[in-house]
Amino acid sequence: MRVDLLTREYPPHVYGGAGVHAAELAKVLREHIEVQVRCFDGPRADMPDTTGYDVPAELKNVNAALSTLSVDLQMAQDIAGADLVHSHTWYAVMGGHLGSLLHDIPHMISAHSLEPLRPWKREQLGGGYAISSWAEKTAYEAADGLIAVSGGMREDILRAYPNVDPDKVHVVHNGIDLEGWVRPDADDPEAAEVIEKYGIDPTRPTVVFVGRITRQKGLPYLLRAVAKLPPEVQVVLCAGAPDTKEIMAEVSGAVAELAKQRSGVIWIEEMLPRPKLCAVLAASTVFVCPSVYEPLGIVNLEAMAVGLPVVGSATGGIPEVIVDGETGTLVPIEQVQDGTGTPVDPDKFVGDLASALTDAVSDQARAAEMGKAARKRVEDHFAWSAIAERTVKVYEAVIAGRSA
């Protein structure tokens, strides 16, 4: 069986969970089947069975949605010979959809997020948001099968796209590279160098956030909650890749104001490679995920694998990852039903988040025990080997259904 995997993000151009997922999935699937990866951001001459595409020169300066479709057209042409095409995120779904029609092969989609549930992207894409929404809806409704990365995501798909047959939507969770995400040794000199470089004090109780600067990650709510934390608490923000200049300005202003009020506010804007990020996580007490929209949250799995408990908002797939009171804390969030994810009572959400974080860092021995339970949970439930086997079974069922 040959599967062509289509993705916007792929190493070395990875800036979010979908890119991590695509890279890890391709690696483990190759232990079972032939996989050809087709991705954006130019050729990958040093990566076998991987083809990267550039946006044509004539379309480099047009709306991002149009330049995306220009890459999708190239992908659609090149998947000839595949038994199945598997696309990830709206950026690649039209490549999969058109390739399916052109070559008469089944099309699978992995749903990492949904355009109707990310209306803030209009701020980023302008009229291109209407195009991305059309592309996603068209591809989802025509797909031979869909993989939801959580049960919550499955419900979102069927609510957002009621014309999709529920029998075609399969739940296969995101996975974690257990060997790659480990706590460095206490005397590791490279880890110590990272901590010193960024001015992190490992003796202080520390809250750490990792994520893109986008509305869905809830960073502005977290920054308001940080202002309510005890003064001895240190906060490390590994936050970059802003969606827009506006949200970057909002976050920059909030961080600057916090730094005037308290010590230990550390902002790391660069995207850290995995070993350095593991060092930062290991120097922290608790990981925080204040997202207002999160289909599952690979960052939560990564933090748990390094041995951190997670304080996360109880939305999307996060409750399928965090065992409340055992591997972390779920913060309730009642959201406005307008697709924006906005809390009905933002002040209450901020207060509850601050309380949960204060409680999490107040007893570091308890936090360490919860971190051990978090590591065991990812080992037991989110190993990539089992996810690869489940994905191959879905492929086989979809191919069989197409030929029946």
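Look up: the structure comes first, before these words.
Below or above, wherever it landed, is the structure these notes cover.

Cut-offs used in this document
Residues numbered from 1 in each chain as written. Predicted model: local features only at pLDDT ≥ 70, side-chain atom pairs only at ≥ 80, totals over all residues. Heavy atoms only, no water. Core = buried A, V, L, I, M, F, W, Y, C linked by side-chain atoms within 4.5 Å. Buried < 20%, exposed > 50% of the residue type's maximum accessible area, 1.4 Å probe, protein only. Helix = DSSP H or I, 4+ residues; strand = E, 2+ residues; numbered from the N terminus. Axes fitted to C-alpha atoms, helices over the stretch in contact; angles between N-to-C directions. Parallel < 35°, antiparallel > 145°, perpendicular 65-115°, else oblique. Contact = heavy atoms within 4.5 Å. Nonpolar A, V, L, I, M, F, W, Y, C, P; charged D, E, K, R; others polar. Pairing = 2+ DSSP bridges. Polar contact = N/O pair within 3.5 Å; in protein donor to acceptor, adjacent residues only side chain to side chain. Salt bridge = Lys/Arg side-chain N within 4 Å of Asp/Glu carboxyl O.

A short note on the nonpolar core
Now for step 1: Of all hydrophobic cores here, the largest spans 39 residues; its most connected members are Val280, Leu281 and Phe287.
Now for step 2: Of all elements in the fold, only α7 (189–197), β8 (206–212), β9 (234–240), β10 (265–268), α10 (274–282), β11 (286–289), α11 (298–305) and α13 (364–381) reach the threshold of two or more residues within this core.
Now for step 3: With 33 residues, the next largest nonpolar core counts Val207, Ile213, Val251 and Val265 among its residues.

Details of the packing of α7 against α10
Now for step 1: Following both chains from N to C, one finds α7 and α10 inclined at 70°, their axes separated by 9 Å at the closest point. As far as their axial angle goes, α10 and α7 are roughly perpendicular. Contacts between α7 and α10 involve Ala191, Val194, Ile195 and Lys197 from the former and Lys276, Ala279 and Val280 from the latter.
Now for step 2: Of the residues belonging to the contact of α7 with α10, the class tally is 5 nonpolar, no polar and 2 charged.

Let's talk about the sheet that holds β9
Now for step 1: One open sheet accounts for 6 strands, arranged β10-β9-β8-β11-β12-β13; its pairing is parallel. Of all the strands in the sheet, the pair left with one neighbour each is β10 and β13 (328–331). The average undirected angle you get between the axes of adjacent strands in this sheet is 20°.
Now for step 2: With 4 bridges connecting them, β9 and β10 associate as parallel partners. Note that in β10 the partner of Val236 across the bridge is Ile266.
Now for step 3: Along the sheet face, α10 touches β8, β9, β10 and β11 and points at about 145° away from the line of β8.

Some thoughts on the side chain of Glu294
Now for step 1: Mapping Glu294 onto the fold places it in the loop between β11 and α11.
Now for step 2: Residue classification places Glu294 among the buried residues on the basis of a relative accessible area of 5%.
Now for step 3: Side-chain polar atoms of Glu294 contact the side chain of Ser291, separated by 2.7 Å.
Now for step 4: Residues contacting Glu294, with those up to four places away along its chain left out, are Gln216, Lys217, Cys289, Thr315, Gly316, Gly317 and Ile318.

Here's the deal with the sheet that holds strand β5 (residues 107–111)
Now for step 1: Strand order across the open sheet formed by 7 strands is β3-β2-β1-β4-β5-β6-β7, with parallel pairing between neighbours. The outermost strands of the open sheet, each flanked by one partner alone, are β3 (50–53) and β7 (169–171). Along the sheet, successive strands turn relative to each other by an average axial angle of 20°, direction set aside.
Now for step 2: Pairing analysis gives 4 bridges linking β5 to strand β6 (residues 145–148), with the strands arranged parallel. Counted as the bridge partner of Ile109 is Leu146 from β6.
Now for step 3: Sitting on the sheet, helix α6 (residues 151–160) touches β5, β6 and β7, and the angle it makes with β7 is about 165°.

Some words on the pattern of salt bridges
Now for step 1: For the structure shown, the criterion picks out 22 salt bridges.
Now for step 2: A salt bridge links Arg118 to Glu115, with the nearest nitrogen and oxygen atoms 2.7 Å apart. Here Arg118 and Glu115 have matching classes, each one buried.
Now for step 3: Salt-bridge contacts for Glu250 lead to Arg215; the nearest nitrogen and oxygen are separated by 2.8 Å. On the criterion of sequence distance, the pair formed by Glu250 in helix α9 (residues 245–261) and Arg215 in the loop between β8 and α8 (219–226) is long-range, its members being 35 residues apart.
Now for step 4: Residue classification places Glu250 among the partly exposed residues on the basis of a relative accessible area of 36%.
Now for step 5: By sharing partners, the salt bridges in this structure join Glu24, Lys27, Asp177 and Arg274 into a single network.

Points about α8
Now for step 1: Burial analysis of α8 places 6 of its 8 residues in the buried class, which makes it a mostly covered element.
Now for step 2: Elements that come into contact with the buried residues of α8 comprise β8, β9, α9, β11 and α12 (346–362).

Examining the environment of His97
Now for step 1: Mapped onto the elements of the fold, His97 is located in helix α3 (residues 89–103).
Now for step 2: By relative accessible area, His97 is classed as buried at 12%.
Now for step 3: Separated by 209 residues in the primary sequence, His97 and Val306 place their C-alpha atoms 38 Å from one another.
Now for step 4: In contact with His97, other than residues within four places in its own chain, are His107, Thr138, Ala139 and Ala142.

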